[in-house]
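Chain and residue survey
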Amino acid sequence: MESSQRLADGSPQKMRVAVGCGIGATIETYDFIGFGTAAALYFGHAFFPSSDPLSASLLSFATLGIGFAVRPIGGIIAGHLGDRIGRKPVLVASLLLMGVATVLIGCLPTYETVGVLAPVLLVAVRVVQGLAFGAEWGGAILMTFEHAPQRRKGLYTGITQAGFPVGLLLANLAFLFSAQLPGTWAWRLPFLLSAVLIVVGILIRLKIDESPEFEELKESGQRAKNPLWEVLRDDWRNVLRAFCLRIAETAGYAVSVTFMLSYLKMGDEPLVSGSLSLFALTTAAAVGIAATTLWGHASDHVGRRPIYLLGCLITLAWGVPLFLTVNTGAAALIVVAFVISYAVCQNSLAGVQGAWFSELFDTRTRTAGVSLAYQISAVVSGFTPLIATALYAGTGWIGPALLFSGYGLLGLLAATTTRETWGPAQRQNVVTRKEEAVV
């Protein structure tokens, strides 16, 4: 009865956990996404100056992609440890590791100072960032999900997911203001400021209680001995489905935001200034904070799959109009384009993922399954700006536009083949049990 009541009402710490995990997600996103902004605006010149501008962008995005490529390793390690020793230790360790790597980026010498050693060091710290970020998402989302009340899991995981647009907003605000600084300080300062955020984040996460579902699992002696093997053996179909669902969101973001920042300043006559690009992204991130939470909350009322299908349909349709809009060079239209790409296309998917992905997997192997699917998709996403740049070089803007729509189509197909975990029957079942408990 006590366990049933906790499922219905959530733990007493449910809101503290959601906000605390969201703050941690904010900090990790500030660090990891900040690298993407710097790669689009500064790293080509700072670390690959001997190349022509297009080649420098390709090399810079390749370095960006390496961080995504190693994220599955971080996810696998964190998934195993999260299902074996607990969600909380993984959360604290990932945040600390990310903080150290990010501050080191702010201290790196440039190509002008140490030559080829500069990009080598950049790749090394990017690898550490990737490992840390790979360990982050599954732990933060599952801590929130397992503390949350059963009828509000979309809302609470949406709150944690909103930490990502907050981090995006802070990172781009930092780069927007630091753009006025001389020399390399324009990109160094945002990374160095991360040290303050890390201290705050560690203190918050140390005060969060371990997941009640994991504690029950540990007390019952039913923890998986090898979570990764079990989830691949017994639940590989859900891993594959979640992988495809995730690509629509994160790879779509890689085209419509990360690549777009570089696209807007390509050529002899850039479409807009770098400051306008950052302003547009900052505006989209600010809207996305509320949008992510609201999309998750909406999934509590209509189900996970309908929201995801809607987001993928819009993504599929938005590819060509997106580039036609930004090609006008009109400042207001570019801001609108970023808002639609982020707050609608990306946030509608991200807001649902926390609850839907967690509900697809059993508690015993939940961290391993969710982390594996989520982070393997990051490999595709990480190299998407590189792919989009290569397509642009060969076909012009239509190549990246169709790539973006293609990701939406993949997500649409995956959503139609993934079971609904919070449909009318599940929602009514929870209401009935709650009414019976009251009687």
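For the structure itself, look to the data block above.
Residues numbered from 1 in each chain as written. Predicted model: local features only at pLDDT ≥ 70, side-chain atom pairs only at ≥ 80, totals over all residues. Heavy atoms only, no water.

A few points about the overall build of the chain
- Each helix and strand counted, the chain has 20 helices and zero strands in total.
- Taking 22 Å as the expected radius of gyration for a compact globule of 439 residues, we find that the chain reaches 21 Å, a close match to that expectation.
- Its C-alpha atoms give the chain principal-axis dimensions of roughly 70 × 40 × 35 Å.
- Residues classed as buried in the chain amount to 58% of the 439 residues present.
- Contacts spanning at least 24 positions in sequence make up 87% of the contacts within the chain whose residues lie at least 6 apart.
- Put simply, the chain shows about 16,300 Å² of open surface, and 69% of that area lies on carbon and sulfur atoms.
- Positive and negative side-chain charges in the chain, numbering 30 and 27 respectively, have mean positions lying 3 Å apart. (Helix = DSSP H or I, 4+ residues; strand = E, 2+ residues; numbered from the N terminus. Rg over C-alpha atoms; globule rule 2.2 N^0.38 Å. Buried < 20%, exposed > 50% of the residue type's maximum accessible area, 1.4 Å probe, protein only. Contact = heavy atoms within 4.5 Å. Areas by Shrake-Rupley, 256 points an atom, 1.4 Å probe, with all protein chains shown as cover. Lys, Arg positive; Asp, Glu negative; His and termini not counted. Charge placed at Lys NZ, Arg CZ, Asp CG, Glu CD.)

Overview of the pattern of salt bridges
- A full pass over the atoms with the stated rule returns 10 salt bridges.
- Across the pair glutamate 146 and arginine 87 runs a salt bridge whose closest N-O atoms are separated by 2.7 Å. With glutamate 146 in helix 7 (residues 117-147) and arginine 87 in helix 5 (residues 87-105), this residue pair connects regions lying 59 residues apart in the sequence.
- Judged by its relative accessible area of 1%, glutamate 146 falls in the buried class.
- The structure contains a network of salt bridges with shared partners spanning Asp83, Arg87, Glu146, Glu213 and Arg366. (Salt bridge = Lys/Arg side-chain N within 4 Å of Asp/Glu carboxyl O.)

Considering a nonpolar patch on the surface
- Among the surface-exposed residues, Ile73, Ile77, Leu81 and Ile85 lie close enough to one another that they form a single nonpolar patch of about 340 Å² accessible area.
- You can see isoleucine 77 is positioned in helix 4 (residues 71-84). (Patch = residues over 30% accessible without salt bridge, like charges linked within 9 Å, V, L, I, M, F, W, Y side chains within 5 Å.)

Side note on the state of the cysteines
- All chains considered together, the criterion is met by zero disulfides.
- Residue cysteine 244 stays outside any disulfide, its sulfur separated by 11 Å from that of cysteine 312, the closest cysteine.
- Its relative accessible area of 16% is what places cysteine 244 among the buried residues.
- In this structure cysteine 345 is not part of a disulfide, and its nearest cysteine sulfur, from cysteine 312, lies 9.5 Å away. (Disulfide = S-S within 2.5 Å.)

Brief notes about helix 2 (residues 14-47)
- Along helix 2, the sharpest kink reaches roughly 60°, centred on alanine 39.
- Along helix 2, 28 of the 34 residues are buried, which leaves the element largely enclosed by surrounding structure. (Bend = angle between axes of the 7 residues up to and from the residue.)

Quick notes on the environment of leucine 97
- The residue leucine 97 is located in helix 5 in this model.
- Here the alpha-carbon distance between leucine 97 and alanine 132, two residues 35 residues apart in the chain, equals 5.8 Å.
- For leucine 97, the contacting residues outside a window of four places in its chain are Val128 and Ala132.

A short note on the packing of aromatic side chains
- Overall, the coordinates contain 13 aromatic pairs when judged by the stated rule.
- Aromatic side chains phenylalanine 47 and tryptophan 187 sit 5.6 Å apart centroid to centroid with 55° between the ring planes, which places their arrangement in the tilted category. Taken together, the residues span a long stretch of sequence, with phenylalanine 47 in helix 2 and tryptophan 187 in helix 10 (residues 185-192) at a distance of 140 residues. No difference in accessibility class separates phenylalanine 47 from tryptophan 187, as the two residues are buried.
- Between phenylalanine 175 and phenylalanine 191 the ring centres are 5.9 Å apart and the planes differ by 80°, which places this aromatic pair in the edge-to-face class. Of this pair, phenylalanine 175 sits in helix 9 (residues 163-178) while phenylalanine 191 sits in helix 10, and the two are 16 residues apart along the sequence. Accessibility assignment for this pair places phenylalanine 175 and phenylalanine 191 in one class, buried.
- Stacked on the ring of phenylalanine 145, the Lys or Arg lysine 153 has its end atom at 4.3 Å from the ring centre.
- Between arginine 246 and the ring centre of tyrosine 374, over which it is positioned, the NZ or CZ distance is 3.5 Å. (Phe/Tyr/Trp six-rings, centres within 6.5 Å; stacked < 30°, edge-to-face > 60°. Lys NZ or Arg CZ within 6 Å of the ring centre and 35° of its normal.)

Points about helix 10
- Regarding helix 10, the residues found buried are Ala186, Trp187, Arg188, Pro190 and Phe191.
- Contacts made by the buried residues of helix 10 are with helix 2, helix 5, helix 9 and helix 11 (194-206).

Things to note about the side chain of threonine 315
- Relative to the helices and strands, threonine 315 is located in helix 16 (residues 304-326).
- At 2.9 Å, the side chain of threonine 315 and the backbone oxygen of glycine 311 are in polar contact.
- With near-sequence residues (within four places) excluded, threonine 315 lies in contact with Cys345, Phe404, Ser405 and Gly408. (Polar contact = N/O pair within 3.5 Å; in protein donor to acceptor, adjacent residues only side chain to side chain.)

Observations concerning the environment of leucine 192
- Turning to its location among the elements, leucine 192 is positioned in helix 10.
- Spatially, the C-alpha atom of leucine 192 lies 22 Å from that of glycine 20, the residues being 172 residues apart in sequence.
- Dropping the residues within four chain positions of it, leucine 192 is found in contact with Val103, Gly106, Cys107 and Trp185.

What to know about the nonpolar core
- Counting residues in hydrophobic clusters, the biggest one holds 37 residues, and the most contacted among them are Trp137, Leu245, Tyr308, Trp356 and Phe357.
- Every residue in contact with phenylalanine 357, bar those within four places of it in the chain, is listed here: Trp137, Ala242, Leu245, Arg246, Tyr308, Val370 and Tyr374.
- Counting 36 residues, the second-largest nonpolar core is a separate cluster that includes Leu168, Val257, Tyr263 and Leu264. (Core = buried A, V, L, I, M, F, W, Y, C linked by side-chain atoms within 4.5 Å.)

Observations concerning the packing of helix 9 against helix 10
- The geometry of helix 9 relative to helix 10 is characterised by a closest axis approach of 8 Å and an angle of 145° between their N-to-C directions. Note on packing geometry: the crossing formed by helix 9 with helix 10 is right-handed. Of the residues in helix 10, those in contact with Ala174, Phe175 and Ser178 of helix 9 are Trp185, Ala186, Trp187, Pro190 and Phe191.
- Taken together, the residues that form the contact of helix 9 with helix 10 break down as seven nonpolar, one polar and no charged. (Axes fitted to C-alpha atoms, helices over the stretch in contact; angles between N-to-C directions. Left-handed = near helix turned anticlockwise from the far one by under 90°. Nonpolar A, V, L, I, M, F, W, Y, C, P; charged D, E, K, R; others polar.)

Side note on the packing of helix 18 (residues 366-395) against helix 19 (residues 398-416)
- Here helix 18 crosses helix 19 at 145°, and the two axes come no closer than 7 Å. Residue-level inspection shows Val380, Thr384, Ile387, Ala388, Leu391, Tyr392 and Thr395 of helix 18 in contact with helix 19, the latter providing Ile398, Gly399, Pro400, Leu403 and Tyr407.

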